[in-house]
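Spelled out from the first residue to the last, the chains are:
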There are 4 protein chains.
Amino acid sequence: MFQINTGSAEPIYRQLMDQLRRRVAAGQWVAGQELPSVRDLALQLAVHPMTISKAYSLLELEGLLERRRGLPMVIAAGHARPAAARDRLESLRPALARAAAEARELDIPKAQALRLFERLLDAPDTGAL
Amino acid sequence: MFQINTGSAEPIYRQLMDQLRRRVAAGQWVAGQELPSVRDLALQLAVHPMTISKAYSLLELEGLLERRRGLPMVIAAGHARPAAARDRLESLRPALARAAAEARELDIPKAQALRLFERLLDAPDTGAL
Amino acid sequence: MFQINTGSAEPIYRQLMDQLRRRVAAGQWVAGQELPSVRDLALQLAVHPMTISKAYSLLELEGLLERRRGLPMVIAAGHARPAAARDRLESLRPALARAAAEARELDIPKAQALRLFERLLDAPDTGAL
Amino acid sequence: MFQINTGSAEPIYRQLMDQLRRRVAAGQWVAGQELPSVRDLALQLAVHPMTISKAYSLLELEGLLERRRGLPMVIAAGHARPAAARDRLESLRPALARAAAEARELDIPKAQALRLFERLLDAPDTGAL
DNA sequence: GTGGTCTAGACCACG
DNA sequence: GTGGTCTAGACCACC
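Being a predicted model, the structure only gives us computed values, none of them experimental. (Residues numbered from 1 in each chain as written. Chains lettered and ligands numbered in written order. Predicted model: local features only at pLDDT ≥ 70, side-chain atom pairs only at ≥ 80, totals over all residues. Heavy atoms only, no water.)

Undergrad: Looking at this structure, I do not really get unusual backbone geometry. What am I missing?
TA: The general pattern is negative phi for most residues beyond glycine and trans for most peptide bonds. All names here are of chain A. One non-glycine residue, Ala46, lies in the positive phi region at around 55°. Considering the arrangement of structural elements, one finds Ala46 in the loop between helix H2 (38-45) and helix H3 (49-62). In this structure Ala46 comes out as exposed when scored by relative accessible area, which is 67%. (Helix = DSSP H or I, 4+ residues; strand = E, 2+ residues; numbered from the N terminus. Buried < 20%, exposed > 50% of the residue type's maximum accessible area, 1.4 Å probe, protein only.)

Pasting the structure below:
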């Protein structure tokens, strides 16, 4: 359901938030859909419940989630439809800009960088060079 | 000489280390070349000298830099030649893998993602969509 | 818990690292065991917290310690058992080689040097000649 | 004539001073004997002349050396005879005390430590375990 | 001139 | 509570 990397430098709650945001934008999660409870998700990911709670609360502040007393949280109404294609593309920009900056510093030919990216878009992670 | 982003979540000393590593790999800095002194670089980047010193020391531990008592640090011998093209490309992989994962979660068409990356490779940062 | 000599030429953080390394090798500290917190140890040794932190961080880089976000650091797994006897003896060699070199330069008879060493092995520090 | 290890943590001028002191104590260098000039020794050891000069000056302050205008420095009179055996042994103590402390922290059996020391006293450096 | 170490103390991020 | 980062500034050692 969620892919958490405990060893990463990126904080866990942020990994959660980012994934949830992107999946809502992509329409994988739709308005009204119930989220797993804090405790369940904490157990499943082997993470402290407070960490889950922090992610949920921040997303509630953002308006992406809605809290209903005594009931599981849900994706907020108003997020019924996935984000427009150009907004989604825009939210991909920072990661790509960073990769581009690294490629430039490494003096990697444009064609090579593009080819590697294309391969990674096809094959999730394992693709050898 | 170095591009530091004070506001970034990535610590300054780490930004320095990454840039230096990449530029040595690209052959922009060659073995035996003297680095700017801790104090000079600190002044230039408007950063505390200890921050620079930390980056230098860690790179020395890694074997990328060499300390010579009383003299400026230098790029270590054994890093005379830039890294092989495939090693450089390999070190670009993590950043691209991350972008690819995000693109997949956002359900962005491959062609769009590739086009954006291509544009960012050409135009450092500003290119509008 | 740790013996720090503030007056020594050897930096405090390095004294800490050396002691911890040796005690893990000797099996006095075992894998998974929690280290005293940076702040506690700093108070106890009357030293600045950053000094402790530096020692801990470098040992983490070495792989001897493991960081767990929000929790005290622990001896890394993979250091469950104390080092083999011959490795421990090997790590004693530099100090003894140095002493031997000095003895030779001082033209001290072998028997005398050995007797002094034996006495120091028994009586930690105070034994008069 | 002198063994200098540029890579060591111990400063060069101190390595020089220690060696000279020990050799005078052992009677290898006797009162009135001329020392190599600062420049010659600097060339020979590939070291900055100021480093040699610093060692000589400090030893002059100690009274071990004597400066004579326009002439090479010499071992001071009053150091005609080597130091008494017990003084020489005493000056070996710090190095041995340190080794003993390490042996204790490493939990190395006394007999093993002694055997290693004995071997190192015989075979300068190379002796395998 | 060079880098190294340490302190005092602030602020942040994570759990 | 945990550790991490940074600043301001002192002092040292080496060359």
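What follows continues from the structure just given.
Undergrad: Where do I start with the relation of the copies chain A and chain B in this structure?
TA: Superposition of the two copies of the chain requires a rotation about an axis together with a shift along that axis. Mapping chain A onto chain B leaves a residual RMSD of 0.4 Å; the transformation is a rotation of 178° accompanied by 0.1 Å of translation along its axis. As the rotation angle and translation indicate, the two copies are arranged about a two-fold axis. In this assembly, 98% of the residues forming the interface of chain A have copies in chain B that are likewise at the interface, indicating an isologous arrangement. (Least-squares fit on C-alpha atoms with pLDDT ≥ 70 in both. Contact = heavy atoms within 4.5 Å.)

Undergrad: It is not clear to me how the protein's contact with DNA strand F should be interpreted in this structure. Could you clarify?
TA: Taken together, 25 residues sit near DNA strand F, with B:Ile12, B:His48, C:Met50, C:Arg67 and D:Pro11 positioned nearest. When the atoms of DNA strand F within 4 Å of the protein are sorted by group, sugar and phosphate make up 68%. B:Thr51 places a polar side-chain atom, nitrogen or oxygen, 2.9 Å from a phosphate oxygen of DNA strand F. Contact between DNA strand F and C:Arg39: a base nitrogen at 2.8 Å from a side-chain N or O atom of the residue. Counting residues per element, the ones that place at least two in the surface near DNA strand F are helix H1 (12-26) and helix H3 (49-62) of chain B, helix H2 (38-45), helix H3 (49-62) and strand E2 (71-75) of chain C together with helix H1 (12-26) of chain D. The class makeup of the residues in the surface near DNA strand F is 12 nonpolar, 9 polar and 4 charged. (Near = heavy atom within 4 Å. Polar contact = N/O pair within 3.5 Å; in protein donor to acceptor, adjacent residues only side chain to side chain. Nonpolar A, V, L, I, M, F, W, Y, C, P; charged D, E, K, R; others polar.)

Undergrad: Explain the UniProt feature "domain: HTH gntR-type" (unreviewed entry) in chain A here, please?
TA: In this numbering, the UniProt entry assigns the feature "domain: HTH gntR-type" (unreviewed entry) to residues 10-78 of chain A. A distance of 29 Å separates the end C-alpha atoms of residues 10-78 of chain A, which is 52% helix and 13% strand. (UniProt positions renumbered as here; feature names shortened; annotations may be inferred.)

Undergrad: Just checking my understanding: could you explain the side chain of D:Glu102 for this structure?
TA: Its place among the elements puts D:Glu102 in helix H4 (residues 85-106). The exposure class of D:Glu102 is buried, given its relative accessible area of 8%. Separated by 3.5 Å, the side chains of D:Glu102 and C:Arg22 make a polar contact.

Undergrad: Would you take a moment to explain the interface of chain A and chain B for this structure?
TA: Interface extent is often summarised as the accessible area lost during association of the parts. The partner chain B presents 42 residues to the 43 residues of chain A that form the contact. For the pair chain A and chain B, the summed buried area comes to about 4500 Å², and 62% of that belongs to carbon and sulfur atoms. The largest contributions to the chain A side of the interface with chain B come from A:Arg93, A:Glu105 and A:Leu106, which together make up 16% of the buried area. Here chain A is connected to chain B by 12 salt bridges. If you look at where chain A meets chain B, you find 15 residue pairs in polar contact (both at pLDDT 80 or more). Breaking the side of chain A that touches chain B down by element, the ones donating at least two residues are helix H1 (12-25), helix H4 (85-105) and helix H5 (110-122) of chain A. The element that contributes the greatest number of residues to the side of chain A that touches chain B is H4(A), accounting for 17 residues. (Buried area = accessible area lost by both parts, 1.4 Å probe. Salt bridge = Lys/Arg side-chain N within 4 Å of Asp/Glu carboxyl O.)

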